[in-house]
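Summary of the model geometry
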Amino acid sequence: MYHIADVKKYLKCPVLFYRSINNRNEEYKPYVRLDEALTLLACKKLGLSEYFLGQKNDDKSLALCALKNYEWLVKARFEYHNLRIKIPFLHKTNYGYDVYFVYCGNYCKDDDMQFYIQSIWVLKNNGIFINNIYIMHFNANYVRQDSLDPNELFIISDSFYNDSNMPTKNIKDTIYAKMRDYSDVIDEMEAFEKKAEIIPCRTNKCTRRSKCLYYDECFGKEKEYEDNSIITLVTSAHKYEMFNRGIKYLRDADISLLEGTRQQYAQIMADINGGVFVDKHALKSWLSEVHYPICFLDFEWETYAIPPYKAMKPYDVLPFEYSIHILNEDGTIDHHEYIGTGDCRKKLIENMINDIGKKGTIIAYNAVGAEMIRIQEMIRQFPEYTSPLMHIYYRMVDLQLPFSMGMYYNTKMRGTYSLKTLMSILDENAYRKLDIHQGMEAVFNWRKVDRAEVNNQEEVLLHLKQYCAMDTYAMVKVYQALKELVKDF
(Lines give C-alpha, C1' and ligand atoms only; values in the text may rest on other atoms or scores of the structure.)
Protein backbone atom coordinates (compact mmCIF):
# COMPACT_ATOMS: atom_id res chain seq x y z
CA MET A 1 0.00 0.00 0.00
CA TYR A 2 1.37 3.42 -1.00
CA HIS A 3 0.79 6.89 0.37
CA ILE A 4 0.73 10.22 -1.42
CA ALA A 5 4.26 10.97 -0.22
CA ASP A 6 5.46 7.83 -2.04
CA VAL A 7 3.86 8.94 -5.32
CA LYS A 8 5.38 12.40 -4.93
CA LYS A 9 8.83 10.91 -4.42
CA TYR A 10 8.45 8.58 -7.39
CA LEU A 11 7.45 11.38 -9.74
CA LYS A 12 10.39 13.45 -8.51
CA CYS A 13 12.90 10.60 -8.70
CA PRO A 14 12.21 6.83 -8.85
CA VAL A 15 15.46 6.16 -6.97
CA LEU A 16 14.37 8.48 -4.16
CA PHE A 17 11.12 6.49 -3.95
CA TYR A 18 13.00 3.18 -3.96
CA ARG A 19 15.45 4.16 -1.24
CA SER A 20 12.79 5.74 0.99
CA ILE A 21 10.58 2.62 0.72
CA ASN A 22 13.49 0.57 2.01
CA ASN A 23 14.19 3.01 4.86
CA ARG A 24 10.71 3.44 6.32
CA ASN A 25 11.95 2.65 9.81
CA GLU A 26 14.21 5.71 9.96
CA GLU A 27 13.12 8.11 12.70
CA TYR A 28 11.51 11.25 11.29
CA LYS A 29 12.62 14.42 13.03
CA PRO A 30 10.52 17.40 11.98
CA TYR A 31 12.32 20.69 11.44
CA VAL A 32 9.33 22.59 12.81
CA ARG A 33 7.99 21.98 16.30
CA LEU A 34 4.31 21.21 16.64
CA ASP A 35 3.37 20.64 20.27
CA GLU A 36 -0.35 21.37 19.92
CA ALA A 37 -2.77 18.79 18.52
CA LEU A 38 -3.46 20.37 15.13
CA THR A 39 -6.57 18.29 14.46
CA LEU A 40 -8.09 19.17 17.83
CA LEU A 41 -7.54 22.88 17.22
CA ALA A 42 -9.06 22.61 13.74
CA CYS A 43 -12.09 20.83 15.25
CA LYS A 44 -12.56 23.79 17.59
CA LYS A 45 -12.37 26.16 14.63
CA LEU A 46 -15.09 24.15 12.84
CA GLY A 47 -17.17 23.84 16.02
CA LEU A 48 -17.14 20.02 15.98
CA SER A 49 -18.04 17.88 18.96
CA GLU A 50 -19.40 14.69 17.36
CA TYR A 51 -17.58 13.06 14.46
CA PHE A 52 -15.97 9.87 13.20
CA LEU A 53 -12.26 9.87 14.00
CA GLY A 54 -10.03 7.74 11.82
CA GLN A 55 -6.95 5.93 13.13
CA LYS A 56 -3.60 5.05 11.59
CA ASN A 57 -4.23 1.39 10.67
CA ASP A 58 -7.97 1.55 10.00
CA ASP A 59 -9.40 -0.96 7.56
CA LYS A 60 -10.58 0.79 4.39
CA SER A 61 -14.18 -0.26 5.10
CA LEU A 62 -14.45 1.83 8.29
CA ALA A 63 -14.52 5.24 6.62
CA LEU A 64 -16.98 4.03 3.97
CA CYS A 65 -19.31 2.81 6.71
CA ALA A 66 -18.88 6.06 8.62
CA LEU A 67 -20.17 7.98 5.61
CA LYS A 68 -23.62 6.54 6.36
CA ASN A 69 -23.64 7.33 10.07
CA TYR A 70 -21.77 10.61 10.57
CA GLU A 71 -22.10 14.16 9.30
CA TRP A 72 -18.38 14.80 9.86
CA LEU A 73 -15.43 12.48 9.28
CA VAL A 74 -12.05 13.47 10.69
CA LYS A 75 -8.78 11.91 9.51
CA ALA A 76 -10.70 9.23 7.61
CA ARG A 77 -8.65 6.75 5.56
CA PHE A 78 -9.68 5.84 2.00
CA GLU A 79 -8.00 3.57 -0.56
CA TYR A 80 -8.06 3.07 -4.30
CA HIS A 81 -5.69 1.22 -6.64
CA ASN A 82 -3.15 0.56 -3.85
CA LEU A 83 -3.06 4.25 -2.82
CA ARG A 84 -4.11 5.11 0.73
CA ILE A 85 -5.01 8.66 1.71
CA LYS A 86 -6.08 10.52 4.83
CA ILE A 87 -8.68 13.29 4.51
CA PRO A 88 -8.47 15.79 7.40
CA PHE A 89 -12.17 16.75 7.33
CA LEU A 90 -15.07 15.50 5.26
CA HIS A 91 -18.50 17.11 5.75
CA LYS A 92 -21.77 15.70 4.43
CA THR A 93 -24.07 18.39 2.96
CA ASN A 94 -27.30 18.36 0.96
CA TYR A 95 -25.27 18.74 -2.22
CA GLY A 96 -22.49 16.23 -1.64
CA TYR A 97 -19.38 16.32 0.51
CA ASP A 98 -17.22 19.30 1.39
CA VAL A 99 -13.53 18.49 1.80
CA TYR A 100 -11.39 20.48 4.23
CA PHE A 101 -7.65 20.07 3.85
CA VAL A 102 -5.40 21.42 6.60
CA TYR A 103 -2.29 23.27 5.45
CA CYS A 104 0.30 23.67 8.19
CA GLY A 105 1.48 27.01 6.86
CA ASN A 106 0.43 30.62 6.41
CA TYR A 107 -0.58 30.74 2.73
CA CYS A 108 -1.84 27.74 0.75
CA LYS A 109 -0.49 27.82 -2.79
CA ASP A 110 -0.87 25.55 -5.79
CA ASP A 111 2.71 24.26 -5.65
CA ASP A 112 1.67 20.89 -4.20
CA MET A 113 -1.16 20.06 -6.57
CA GLN A 114 -0.24 16.36 -6.67
CA PHE A 115 -1.33 16.00 -3.04
CA TYR A 116 -4.73 17.58 -3.61
CA ILE A 117 -5.36 15.89 -6.95
CA GLN A 118 -4.49 12.41 -5.66
CA SER A 119 -6.69 12.88 -2.59
CA ILE A 120 -9.70 13.90 -4.68
CA TRP A 121 -8.93 11.14 -7.23
CA VAL A 122 -9.20 8.49 -4.51
CA LEU A 123 -12.40 10.01 -3.10
CA LYS A 124 -14.04 10.15 -6.53
CA ASN A 125 -13.16 6.52 -7.18
CA ASN A 126 -14.83 5.61 -3.91
CA GLY A 127 -18.05 7.09 -5.26
CA ILE A 128 -17.88 10.25 -3.12
CA PHE A 129 -19.33 13.32 -4.84
CA ILE A 130 -17.38 16.47 -3.98
CA ASN A 131 -19.36 19.64 -3.47
CA ASN A 132 -16.72 22.14 -2.34
CA ILE A 133 -13.05 22.04 -1.38
CA TYR A 134 -11.53 24.26 1.29
CA ILE A 135 -8.11 24.59 2.85
CA MET A 136 -7.66 25.57 6.49
CA HIS A 137 -4.37 27.41 6.99
CA PHE A 138 -2.74 29.57 9.62
CA ASN A 139 -3.51 33.26 9.84
CA ALA A 140 -0.16 34.96 9.22
CA ASN A 141 -1.36 38.06 11.08
CA TYR A 142 -2.50 36.22 14.18
CA VAL A 143 -0.63 37.27 17.33
CA ARG A 144 -1.13 35.03 20.31
CA GLN A 145 -2.29 36.59 23.56
CA ASP A 146 -2.26 34.85 26.94
CA SER A 147 -4.12 31.85 25.51
CA LEU A 148 -4.35 30.31 22.07
CA ASP A 149 -7.47 31.22 20.04
CA PRO A 150 -8.17 28.51 17.43
CA ASN A 151 -10.80 30.68 15.77
CA GLU A 152 -8.24 33.40 15.07
CA LEU A 153 -5.37 30.98 14.41
CA PHE A 154 -7.00 29.47 11.31
CA ILE A 155 -8.40 30.86 8.08
CA ILE A 156 -10.69 28.74 5.89
CA SER A 157 -10.05 29.53 2.24
CA ASP A 158 -11.69 28.40 -1.00
CA SER A 159 -8.85 29.92 -3.04
CA PHE A 160 -5.14 29.36 -3.54
CA TYR A 161 -2.84 32.34 -2.91
CA ASN A 162 -0.49 33.86 -5.46
CA ASP A 163 3.14 34.93 -4.96
CA SER A 164 1.92 38.20 -3.44
CA ASN A 165 -0.08 36.18 -0.89
CA MET A 166 -3.40 37.28 -2.33
CA PRO A 167 -6.26 34.77 -2.86
CA THR A 168 -6.70 34.08 -6.58
CA LYS A 169 -7.59 30.71 -8.15
CA ASN A 170 -10.53 28.74 -6.80
CA ILE A 171 -9.25 25.54 -5.17
CA LYS A 172 -11.84 23.13 -6.57
CA ASP A 173 -11.68 24.56 -10.09
CA THR A 174 -7.88 24.39 -10.10
CA ILE A 175 -7.79 20.79 -8.86
CA TYR A 176 -10.41 19.57 -11.31
CA ALA A 177 -8.72 21.35 -14.21
CA LYS A 178 -5.54 19.35 -13.53
CA MET A 179 -7.19 16.06 -12.52
CA ARG A 180 -5.58 12.90 -13.89
CA ASP A 181 -5.67 9.13 -13.44
CA TYR A 182 -2.76 7.88 -11.33
CA SER A 183 -3.31 4.17 -11.97
CA ASP A 184 -0.44 3.95 -14.48
CA VAL A 185 1.92 5.74 -12.09
CA ILE A 186 1.15 3.36 -9.23
CA ASP A 187 1.59 0.37 -11.55
CA GLU A 188 5.04 1.74 -12.49
CA MET A 189 5.88 2.19 -8.81
CA GLU A 190 5.00 -1.43 -8.06
CA ALA A 191 7.20 -2.64 -10.91
CA PHE A 192 10.08 -0.35 -9.97
CA GLU A 193 10.01 -1.47 -6.32
CA LYS A 194 10.61 -5.07 -7.45
CA LYS A 195 13.76 -4.23 -9.42
CA ALA A 196 16.88 -6.07 -8.31
CA GLU A 197 19.16 -3.21 -9.29
CA ILE A 198 18.65 0.53 -9.59
CA ILE A 199 20.88 2.96 -11.48
CA PRO A 200 20.82 6.57 -10.19
CA CYS A 201 20.42 9.29 -12.78
CA ARG A 202 21.60 12.74 -11.79
CA THR A 203 19.29 15.66 -12.56
CA ASN A 204 18.93 19.19 -11.22
CA LYS A 205 16.27 17.82 -8.85
CA CYS A 206 19.03 16.07 -6.88
CA THR A 207 20.25 19.37 -5.44
CA ARG A 208 17.37 21.78 -6.05
CA ARG A 209 16.70 23.87 -2.91
CA SER A 210 18.60 21.32 -0.82
CA LYS A 211 20.65 18.22 -1.48
CA CYS A 212 18.63 15.00 -1.59
CA LEU A 213 18.85 12.85 1.54
CA TYR A 214 20.26 9.99 -0.54
CA TYR A 215 22.59 12.04 -2.75
CA ASP A 216 25.78 10.63 -1.24
CA GLU A 217 24.37 7.12 -1.45
CA CYS A 218 23.73 7.62 -5.16
CA PHE A 219 26.81 9.64 -6.08
CA GLY A 220 29.29 8.91 -3.31
CA LYS A 221 32.16 8.73 -5.77
CA GLU A 222 32.08 12.53 -6.07
CA LYS A 223 33.72 12.70 -2.63
CA GLU A 224 36.75 11.03 -4.20
CA TYR A 225 37.17 13.78 -6.81
CA GLU A 226 40.00 16.23 -6.22
CA ASP A 227 39.35 19.52 -4.41
CA ASN A 228 39.69 21.46 -7.66
CA SER A 229 37.29 19.25 -9.61
CA ILE A 230 34.92 21.02 -11.99
CA ILE A 231 32.15 19.25 -10.05
CA THR A 232 32.74 21.72 -7.19
CA LEU A 233 31.84 24.71 -9.41
CA VAL A 234 29.05 26.58 -7.61
CA THR A 235 25.75 27.77 -9.16
CA SER A 236 26.66 25.97 -12.37
CA ALA A 237 24.02 24.42 -14.61
CA HIS A 238 26.67 22.96 -16.92
CA LYS A 239 29.38 21.48 -14.68
CA TYR A 240 28.32 17.88 -15.39
CA GLU A 241 28.18 18.63 -19.09
CA MET A 242 31.76 19.91 -18.88
CA PHE A 243 32.81 16.94 -16.76
CA ASN A 244 31.37 14.47 -19.28
CA ARG A 245 33.23 16.30 -22.05
CA GLY A 246 36.51 15.59 -20.27
CA ILE A 247 36.92 18.94 -18.50
CA LYS A 248 37.99 17.76 -15.05
CA TYR A 249 39.34 20.85 -13.31
CA LEU A 250 38.16 24.35 -12.47
CA ARG A 251 41.05 25.96 -14.32
CA ASP A 252 39.92 24.35 -17.59
CA ALA A 253 36.26 25.45 -17.39
CA ASP A 254 34.59 26.32 -20.69
CA ILE A 255 34.03 30.09 -20.45
CA SER A 256 30.99 29.89 -22.72
CA LEU A 257 29.27 27.62 -20.18
CA LEU A 258 29.85 29.79 -17.11
CA GLU A 259 27.22 31.91 -15.39
CA GLY A 260 29.98 34.39 -14.60
CA THR A 261 29.43 34.85 -10.86
CA ARG A 262 32.09 36.27 -8.57
CA GLN A 263 32.25 32.92 -6.77
CA GLN A 264 32.95 31.04 -10.00
CA TYR A 265 35.68 33.54 -10.88
CA ALA A 266 37.24 33.08 -7.43
CA GLN A 267 37.13 29.29 -7.79
CA ILE A 268 38.76 29.26 -11.21
CA MET A 269 41.43 31.77 -10.19
CA ALA A 270 42.16 29.77 -7.03
CA ASP A 271 42.85 26.69 -9.13
CA ILE A 272 45.02 28.67 -11.55
CA ASN A 273 46.93 30.18 -8.61
CA GLY A 274 47.65 26.83 -6.99
CA GLY A 275 44.70 26.56 -4.60
CA VAL A 276 43.92 29.99 -3.14
CA PHE A 277 42.45 33.23 -4.49
CA VAL A 278 42.25 36.48 -2.52
CA ASP A 279 40.78 39.76 -3.75
CA LYS A 280 42.90 41.84 -1.40
CA HIS A 281 41.43 45.20 -2.39
CA ALA A 282 37.86 44.10 -1.67
CA LEU A 283 38.80 42.17 1.45
CA LYS A 284 40.77 45.04 2.97
CA SER A 285 37.88 47.41 2.26
CA TRP A 286 35.46 45.06 4.01
CA LEU A 287 37.77 44.64 7.00
CA SER A 288 38.12 48.42 7.37
CA GLU A 289 34.47 48.60 8.43
CA VAL A 290 35.09 46.34 11.45
CA HIS A 291 36.01 48.03 14.74
CA TYR A 292 37.16 46.83 18.15
CA PRO A 293 35.96 45.43 20.45
CA ILE A 294 34.59 42.89 17.97
CA CYS A 295 31.67 40.85 19.24
CA PHE A 296 31.02 37.52 17.50
CA LEU A 297 27.41 36.44 18.01
CA ASP A 298 25.55 33.20 17.28
CA PHE A 299 22.01 32.13 18.15
CA GLU A 300 20.40 28.71 18.31
CA TRP A 301 16.62 28.70 17.99
CA GLU A 302 13.50 26.56 17.80
CA THR A 303 10.77 27.10 15.17
CA TYR A 304 7.15 26.72 16.28
CA ALA A 305 4.35 26.15 13.77
CA ILE A 306 1.77 27.18 16.36
CA PRO A 307 2.76 30.08 18.65
CA PRO A 308 3.28 28.69 22.18
CA TYR A 309 3.77 32.00 23.98
CA LYS A 310 2.34 35.50 24.06
CA ALA A 311 3.25 37.92 21.22
CA MET A 312 4.34 35.10 18.90
CA LYS A 313 2.89 34.43 15.44
CA PRO A 314 2.62 31.16 13.48
CA TYR A 315 6.09 29.99 12.48
CA ASP A 316 7.85 32.42 14.80
CA VAL A 317 11.13 31.21 16.22
CA LEU A 318 12.31 31.22 19.81
CA PRO A 319 16.04 31.78 20.37
CA PHE A 320 16.99 29.63 23.32
CA GLU A 321 20.76 30.09 23.32
CA TYR A 322 23.52 32.45 22.33
CA SER A 323 27.28 32.47 22.43
CA ILE A 324 29.38 35.61 22.34
CA HIS A 325 33.14 35.81 21.86
CA ILE A 326 34.58 39.31 22.17
CA LEU A 327 37.92 40.01 20.51
CA ASN A 328 39.65 43.00 22.08
CA GLU A 329 42.20 45.16 20.32
CA ASP A 330 45.01 43.78 22.49
CA GLY A 331 44.21 40.26 21.25
CA THR A 332 42.50 39.03 24.40
CA ILE A 333 39.22 37.18 24.05
CA ASP A 334 36.22 37.17 26.41
CA HIS A 335 33.35 34.71 26.26
CA HIS A 336 29.71 34.98 27.36
CA GLU A 337 26.84 32.56 26.88
CA TYR A 338 23.23 31.95 27.77
CA ILE A 339 20.89 28.98 27.42
CA GLY A 340 17.35 28.63 28.71
CA THR A 341 14.23 26.50 28.41
CA GLY A 342 10.54 27.30 28.15
CA ASP A 343 9.72 30.92 27.41
CA CYS A 344 13.23 32.25 27.96
CA ARG A 345 12.98 35.06 25.36
CA LYS A 346 12.99 38.03 27.73
CA LYS A 347 15.82 36.73 29.87
CA LEU A 348 17.89 35.96 26.78
CA ILE A 349 17.37 39.51 25.47
CA GLU A 350 18.34 41.11 28.77
CA ASN A 351 21.46 38.96 29.16
CA MET A 352 22.49 39.52 25.54
CA ILE A 353 22.17 43.32 25.79
CA ASN A 354 24.32 43.27 28.90
CA ASP A 355 26.96 40.87 27.48
CA ILE A 356 27.39 42.56 24.10
CA GLY A 357 28.13 46.03 25.41
CA LYS A 358 27.65 49.32 23.62
CA LYS A 359 30.79 49.65 21.49
CA GLY A 360 32.38 47.91 18.54
CA THR A 361 31.25 45.82 15.59
CA ILE A 362 29.02 42.78 16.01
CA ILE A 363 29.81 39.95 13.61
CA ALA A 364 27.64 36.94 12.79
CA TYR A 365 27.93 34.35 10.04
CA ASN A 366 24.99 34.76 7.66
CA ALA A 367 23.87 37.67 9.82
CA VAL A 368 21.49 39.00 7.16
CA GLY A 369 19.71 35.66 6.89
CA ALA A 370 19.67 34.77 10.58
CA GLU A 371 20.83 36.91 13.51
CA MET A 372 19.57 40.22 12.11
CA ILE A 373 16.14 38.67 11.52
CA ARG A 374 16.11 37.31 15.06
CA ILE A 375 16.83 40.82 16.41
CA GLN A 376 13.91 42.25 14.41
CA GLU A 377 11.61 39.55 15.78
CA MET A 378 12.71 40.35 19.32
CA ILE A 379 11.82 43.99 18.75
CA ARG A 380 8.37 43.05 17.46
CA GLN A 381 7.64 40.79 20.41
CA PHE A 382 9.23 43.00 23.09
CA PRO A 383 9.02 46.63 21.90
CA GLU A 384 10.22 47.88 25.30
CA TYR A 385 13.73 46.77 24.25
CA THR A 386 13.63 48.51 20.86
CA SER A 387 16.38 51.04 21.53
CA PRO A 388 19.17 48.67 22.73
CA LEU A 389 18.20 46.00 20.20
CA MET A 390 18.28 48.47 17.30
CA HIS A 391 21.70 49.59 18.52
CA ILE A 392 22.84 45.98 18.21
CA TYR A 393 21.15 45.58 14.82
CA TYR A 394 22.88 48.56 13.20
CA ARG A 395 26.31 47.41 14.40
CA MET A 396 26.03 43.98 12.79
CA VAL A 397 28.28 42.82 9.95
CA ASP A 398 27.98 39.57 8.00
CA LEU A 399 31.13 37.40 8.05
CA GLN A 400 29.72 35.35 5.19
CA LEU A 401 30.02 38.27 2.76
CA PRO A 402 33.74 37.89 1.88
CA PHE A 403 33.06 34.32 0.79
CA SER A 404 29.67 34.76 -0.90
CA MET A 405 31.12 37.70 -2.87
CA GLY A 406 34.19 35.77 -3.98
CA MET A 407 36.78 37.80 -2.06
CA TYR A 408 38.39 34.57 -0.91
CA TYR A 409 38.35 30.98 -2.10
CA ASN A 410 40.42 27.94 -1.20
CA THR A 411 39.94 24.81 -3.30
CA LYS A 412 39.78 22.86 -0.02
CA MET A 413 36.34 24.43 0.43
CA ARG A 414 35.07 22.18 -2.41
CA GLY A 415 32.39 24.64 -3.49
CA THR A 416 30.93 25.39 -0.07
CA TYR A 417 31.59 28.22 2.35
CA SER A 418 29.80 27.18 5.51
CA LEU A 419 31.42 28.17 8.78
CA LYS A 420 32.24 24.53 9.50
CA THR A 421 33.94 24.16 6.13
CA LEU A 422 36.07 27.25 6.74
CA MET A 423 36.97 26.15 10.25
CA SER A 424 37.94 22.68 9.01
CA ILE A 425 40.65 24.31 6.89
CA LEU A 426 42.05 26.01 10.00
CA ASP A 427 41.45 23.09 12.38
CA GLU A 428 39.94 19.94 10.90
CA ASN A 429 39.11 18.49 14.32
CA ALA A 430 37.42 21.56 15.84
CA TYR A 431 33.85 20.35 15.33
CA ARG A 432 34.60 16.64 15.23
CA LYS A 433 35.51 16.51 18.91
CA LEU A 434 32.09 17.88 19.92
CA ASP A 435 29.13 15.71 20.94
CA ILE A 436 26.82 17.91 18.85
CA HIS A 437 28.02 18.61 15.30
CA GLN A 438 25.41 20.72 13.49
CA GLY A 439 22.54 23.14 14.04
CA MET A 440 19.51 20.87 13.69
CA GLU A 441 21.13 18.31 15.96
CA ALA A 442 21.39 21.10 18.54
CA VAL A 443 17.69 21.91 18.09
CA PHE A 444 16.63 18.28 18.47
CA ASN A 445 18.68 17.92 21.66
CA TRP A 446 17.30 21.14 23.15
CA ARG A 447 13.78 20.06 22.20
CA LYS A 448 14.20 16.91 24.31
CA VAL A 449 15.44 18.96 27.26
CA ASP A 450 12.60 21.46 26.92
CA ARG A 451 10.05 18.65 26.81
CA ALA A 452 11.75 16.90 29.76
CA GLU A 453 12.36 13.80 27.63
CA VAL A 454 15.93 13.21 28.88
CA ASN A 455 17.32 12.39 32.29
CA ASN A 456 20.79 13.89 31.74
CA GLN A 457 19.58 17.45 31.13
CA GLU A 458 22.70 19.16 32.49
CA GLU A 459 24.95 17.05 30.28
CA VAL A 460 22.91 17.85 27.18
CA LEU A 461 22.89 21.56 28.03
CA LEU A 462 26.67 21.45 28.40
CA HIS A 463 27.02 19.90 24.94
CA LEU A 464 24.74 22.59 23.52
CA LYS A 465 26.88 25.31 25.08
CA GLN A 466 30.03 23.74 23.65
CA TYR A 467 28.54 23.58 20.16
CA CYS A 468 27.29 27.18 20.14
CA ALA A 469 30.58 28.40 21.62
CA MET A 470 32.49 26.63 18.85
CA ASP A 471 30.49 28.58 16.25
CA THR A 472 31.54 31.95 17.67
CA TYR A 473 35.11 30.78 18.31
CA ALA A 474 35.27 29.62 14.69
CA MET A 475 34.20 33.11 13.60
CA VAL A 476 37.07 34.59 15.59
CA LYS A 477 39.57 32.27 13.90
CA VAL A 478 38.16 32.91 10.42
CA TYR A 479 38.20 36.68 10.97
CA GLN A 480 41.81 36.55 12.19
CA ALA A 481 42.79 34.45 9.16
CA LEU A 482 41.25 37.01 6.81
CA LYS A 483 43.14 39.84 8.52
CA GLU A 484 46.36 37.90 8.17
CA LEU A 485 45.85 37.64 4.39
CA VAL A 486 46.02 41.44 3.94
CA LYS A 487 48.26 42.50 6.82
CA ASP A 488 51.06 43.62 4.49
CA PHE A 489 48.82 44.93 1.71
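Anything mentioned here points back to the structure above.
This text gives an overview of the structure that appears in the document.

Reading guide: rules and limits
- Residues numbered from 1 in each chain as written.
- Predicted model: local features only at pLDDT ≥ 70, side-chain atom pairs only at ≥ 80, totals over all residues.
- Heavy atoms only, no water.
- Helix = DSSP H or I, 4+ residues; strand = E, 2+ residues; numbered from the N terminus.
- Buried < 20%, exposed > 50% of the residue type's maximum accessible area, 1.4 Å probe, protein only.
- Contact = heavy atoms within 4.5 Å.
- Areas by Shrake-Rupley, 256 points an atom, 1.4 Å probe, with all protein chains shown as cover.
- Lys, Arg positive; Asp, Glu negative; His and termini not counted.
- Charge placed at Lys NZ, Arg CZ, Asp CG, Glu CD.
- Salt bridge = Lys/Arg side-chain N within 4 Å of Asp/Glu carboxyl O.
- Polar contact = N/O pair within 3.5 Å; in protein donor to acceptor, adjacent residues only side chain to side chain.
- Phe/Tyr/Trp six-rings, centres within 6.5 Å; stacked < 30°, edge-to-face > 60°.
- Lys NZ or Arg CZ within 6 Å of the ring centre and 35° of its normal.
- Pairing = 2+ DSSP bridges.
- Right-handed = clockwise from strand over helix to strand, strands pointing away.

Right, let's talk about the overall build of the protein chain for a bit. Within the protein chain, the secondary structure is distributed over 19 helices and 16 strands. Principal axes of the C-alpha set define a box for the protein chain whose edges measure 85 × 60 × 45 Å. The buried share of the protein chain, reckoned over its 489 residues, is 48%. Considering only contacts within the protein chain whose residues lie at least 6 apart along the sequence, 66% involve residues at least 24 apart. Summing over all exposed atoms, the protein chain offers an accessible surface of approximately 24900 Å²; the carbon and sulfur share of this is 48%. Taking the average location of the 62 positive side-chain charges in the protein chain and that of its 67 negative ones, the two points are 2 Å from each other.

The next thing to look at is the pattern of salt bridges. Enumeration according to the criterion identifies 19 salt bridges in this entry. Between Asp146 and Lys310 there is a salt bridge, with the nearest N and O atoms lying 3.7 Å from each other. In this pair, Asp146 is assigned in the loop between β6 (130-138) and α6 (150-153) and Lys310 in the loop between β11 (294-303) and β12 (317-327), connecting sequence segments 164 residues apart. For Lys310, a relative accessible area of 45% corresponds to the partly exposed category. Through salt bridges with shared partners, one network takes in Arg33, Glu302, Arg447 and Asp450.

Right, let's get into the side chain of Asp58. Structurally, Asp58 is set in the loop between β2 (52-53) and α4 (60-69). The buried charged residue Asp58 lacks any salt bridge, with Arg77 as its nearest oppositely charged partner at 5.5 Å. Side-chain polar atoms of Asp58 contact the backbone nitrogen of Gln55, separated by 2.7 Å. Sequence-distant contacts of Asp58, defined by excluding residues within four places in its chain, comprise Phe52 and Arg84.

Evaluated as defined, the whole model comprises 26 aromatic pairs. Measuring from ring centre to ring centre gives 5.9 Å for Phe52 and Tyr70, while their planes differ by 55°; the resulting arrangement is tilted. You can see Phe52 sitting in strand β2 and its partner Tyr70 sitting in the loop between α4 and β3 (72-80), a full 18 residues away along the chain. A residue is classified by how much of its surface remains accessible, and Tyr70, at 36% relative accessible area, is partly exposed. Every member of this aromatic cluster is reached through a ring pair, and the members are Tyr2, Tyr10, Phe17, Tyr18 and Phe192. The positively charged end of Lys248 is found above the aromatic ring belonging to Phe243, 3.9 Å away from the centroid. Looking at Arg374, its charged tip hangs above the ring of Trp301, at a distance of 4.5 Å from the centre.

Another point: the pairing of β6. Most of β6 is tucked away: 8 of the 9 residues are buried. Bridging between strand β5 (residues 96-103) and β6 involves 7 bridges; their strand directions are parallel. Of the residues in β6, the one forming a bridge with Val99 is Ile133. After leaving β5, the chain enters helix α5 (residues 113-124) and then returns to the sheet as β6, a path that is right-handed. Bridge count for β6 against strand β7 (residues 154-157) is 4 bridges, and the pairing is antiparallel. In the strand pairing of β7, Met136 is matched with Ile156.

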